[in-house]
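What the coordinates show
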Amino acid sequence: MASFKLLVVCILAFWCLCSFTNATKVSHDGRAITIDGQRRIIISGSIHYPRSTSAMWPDLIKKAKAGGVDAIETYVFWNAHEPLPREYDFSGNLDLIRFLKTIQDEGLYAVLRIGPYVCAEWNYGGLPVWLHNIPGIELRTANTLFMNEMQTFTTKIVNMVKGENLFAAQGGPIILAQIENEYGNVISSYGDAGKSYINWCANMANSLDIGVPWIMCQEDDAPESMINTCNGWYCDAFTPNNPNSPKMWTENWTGWFKNWGGLDPKRTAEDVAFAVAKFFQKGGTFQNYYMYHGGTNFGRTAGGPYITTSYDYDAPLDEYGNLNQPKYGHLKELHDVLHSMEKILTYGIITDVDFGNSVTGTIYSTTEGQSCFFVNSNPTADAEVVYKGRMYNIPAWSASILSDCKNEVYNTAKVNTQTWMMEKHVNEAENEPAELKWAWRPEIIDDSVLRGDGRTSAKKLIDQKVAEDVSDYLWYMTNLFLDKNDPIWCDDMSLRVNATGQVLHAYVNGEYIGTESARYGVFHYVFEKKIKLNPGPNKITLLSATIGFQNYGPKFDAVQNGIPGPVVIVGNKGDETIVKDLSTRKWYYKVGLPGFDQKFYAAATNSSEWQVDHLPISRRMTWYKTTFKAPLGDEPVSLDLEGMGKGFAWVNGNNIGRYWPSFIAQETGCSTGCDYRGQYDNSKCASNCGKPTQKWYHVPRSFLVDDENELVLFEEYGGNPLAVNFQTMRVGKVCGNAYENKTMEISCDGRPISSIRFASFGDVQGSCGSFTKGSCQEETDVLSIVEKACVGKETCSIEANEAVFGSTSCSNDGFTKRLVAEAVC
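Residues numbered from 1 in each chain as written. Predicted model: local features only at pLDDT ≥ 70, side-chain atom pairs only at ≥ 80, totals over all residues. Heavy atoms only, no water.

**Looking at the overall build of the protein**
When its secondary structure is counted, the protein shows 13 helices and 41 strands. Across its three principal axes, the protein shows a C-alpha extent of roughly 95 × 80 × 65 Å. Here the contacts in the protein between residues at least 6 apart in sequence split such that 74% fall between residues at least 24 apart. Element-wise, carbon and sulfur atoms account for 49% of the exposed surface of the protein, whose accessible area totals about 32100 Å². Across the protein, 74 positive and 95 negative side-chain charges occur, with their mean positions spaced 3 Å apart. (Helix = DSSP H or I, 4+ residues; strand = E, 2+ residues; numbered from the N terminus. Contact = heavy atoms within 4.5 Å. Areas by Shrake-Rupley, 256 points an atom, 1.4 Å probe, with all protein chains shown as cover. Lys, Arg positive; Asp, Glu negative; His and termini not counted. Charge placed at Lys NZ, Arg CZ, Asp CG, Glu CD.)

**Digging into the environment of glycine 762**
Its location among the elements puts glycine 762 in strand β39 (residues 755-762). For the pair formed by glycine 762 and serine 807, sequence separation is 45 residues and the distance between their alpha carbons is 9.4 Å. In this structure, glycine 762 is in contact with Cys776, Thr816, Lys817 and Arg818, ignoring residues within four places of it in sequence.

**Side note on the confidence of the model for the protein**
Summarising the model, the protein shows a mean pLDDT of 94, and 95% of its residues fall at 70 or more. Long-range and interchain partners of residues 6-20, a stretch whose pLDDT sits below 50, account for four contacts in this model, where long-range means more than four residues apart. (pLDDT = per-residue confidence, 0-100.)

**Comments concerning the pairing of strand β14 (residues 369-376)**
Of all eight residues in β14, six are buried, a share of seventy percent or more. In terms of strand pairing, strand β13 (residues 359-366) meets β14 through eight bridges, oriented antiparallel. Bridging from a neighbouring strand, glycine 361 pairs with phenylalanine 374 of β14. What sits between β13 and β14 in their antiparallel hairpin is a turn of two residues. Where β14 and strand β17 (residues 398-402) come together, five bridges link them in antiparallel fashion. Within β17, the position partnered with phenylalanine 374 by the bridge is serine 400. (Buried < 20%, exposed > 50% of the residue type's maximum accessible area, 1.4 Å probe, protein only. Pairing = 2+ DSSP bridges.)

Put into structure tokens, the structure is as follows:
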């Protein structure tokens, strides 16, 4: 028996030894994150696993690695994993462990931002709405009820990850973890309890013993055991609160999110690169792009309220997973340069130089050599920098990197990467009819609802969060008895409802009387319509529809949702106005719509109940269904829903998100051009004025089957499904660009280059799609040279120099020459 026990002990010891043979020691000092004792430059990119599909993960992560990314960062989404207390879901695109292992398989590090509050334009900031309904709870403060729930979930995540040996100390990819999120932005609203809470967060996190450092972003008062980090457009001026913490940037916003009614925000490749270069110039060593792939807010995950289904974020990988060129390629070149300088940037002696007029220099020196950053932060004036007898031209709002302090290897304003212009093609499926054939059925707004019968009641108007977010929809119903002797009785009566940030549909005595909604950033509005009431009993029925609960702000959980009231009847008798307040009457409540409860969106629903004749157009509360063949090939698929009003769309039972193409973007605020120079914010370089906020909706290929597919739409407002169609997305036009003595590359992403529309070498003017030759003219037929090198090929490369194209008419005039070509795929 003793020998058997000894054998078991030996086996366990051998297993433990094997499990930790590849253990990685992750620590930090005041300069950098250290991995196995070596300071590292780490370029990270955010990819949120629920905003894509598990089938997409390997390709996204491979592309991130090819783009020079060392680590993938993700939040952990508490409300997605625990939608109801102790009912967990880690399936499908919520399979966190599979996502982390996919990162590991690609040889990348992972940064796990557990939060579990995440903000992220995610519904309720990632917190489960059921927390709101625990008596006595206060969220994100020193409240025992909240802290117990937070600790339970955080511990569950840590134990799951530990169980799979995914922390670096176990040989896994996770080198950093985050507790809480951007709490410093709101801590003052919580007073002493906020400080107590953030200290508790640190102690709780450290007690979990994960073997890698913990970070807190946007937390200037972070406890000493935490690394506080920066989020923002620019973080070069950020300094950690602890001299032993490295300078880290956890969110470099590559673009911005989009809201219903808002414009399409864009951030140029030049400005993102400029921000990164300045950050590393000023001693930064860890930088994460938020987002590297933004993805899609499937189902009801979008927060806000009023955040769109698309979460493209103008990221280096677009919503569909395509390369967003030139941003992807321009940043890849920067990453390669920074990685080549890793040793000198993390160990070198730093010397700063002020050249005046917002132009600075930083020299990193070791015994092995020097590297230089020359940065021109002037938004309008180019600069000439003289260093060690050499002169360098630094364009306005740009940074030049000289890896040897002699030769410029990269400038943030000089993009030597092709631009891809994406285009959509109508569904090219085999034997697919030209038009989709639709069936339909009405939503069942049953008589019991319109009669005011509900499952629960209260003598008050309730916050919609009481329904625990199992549906967008909550019915508010009350009964009102009036006789003609009532003081309010008159011929001029109206219903007035005060609501908060949601959509409202109103019915009186079973008759629809109107709809009202707010816009992004407006959390209160008033609905008022003329009504006719009957002498005797009357039924007031209000349907509130959420567009995601608020996800950000101090005490955001206290913001009321739905119909907080008051709800009143207004009677106008000549000069006299009489108001009857219904807010404290007995209200009845019912959650959801029958069509959702009966899963009309599922393929297994009874087809005999769907009608094929007399297809209604512009009909409220209507379900539509059709079948279609999957588009040929493997290009990303998009669903065009222009013409529809507002609702949800499902493909083969998969909810692709809320649609709302009838919500037209604001008419003003668009940019006529997009100058990268000068401070960026999300209103700069905006587009899409006066057009549908979002008409295209991503349908992942993994949602489709080879045979017949089913599309189901629930139309809340009323729309026309006859214009709905599927299209595929591909590269349609490519513009190659290379400054003199660089290489121009053109690639059609696996398809041949069919023609060259424009080519020039010199001081070319304009941008992709509208190039013109400048005053500096080449003396050779550049177009013929580029056509010969590129047409018929999938990829071509050409050196941009006079050896290939000959001299130009201004070769000695100091012009910055470049080679430009526009190709059709």
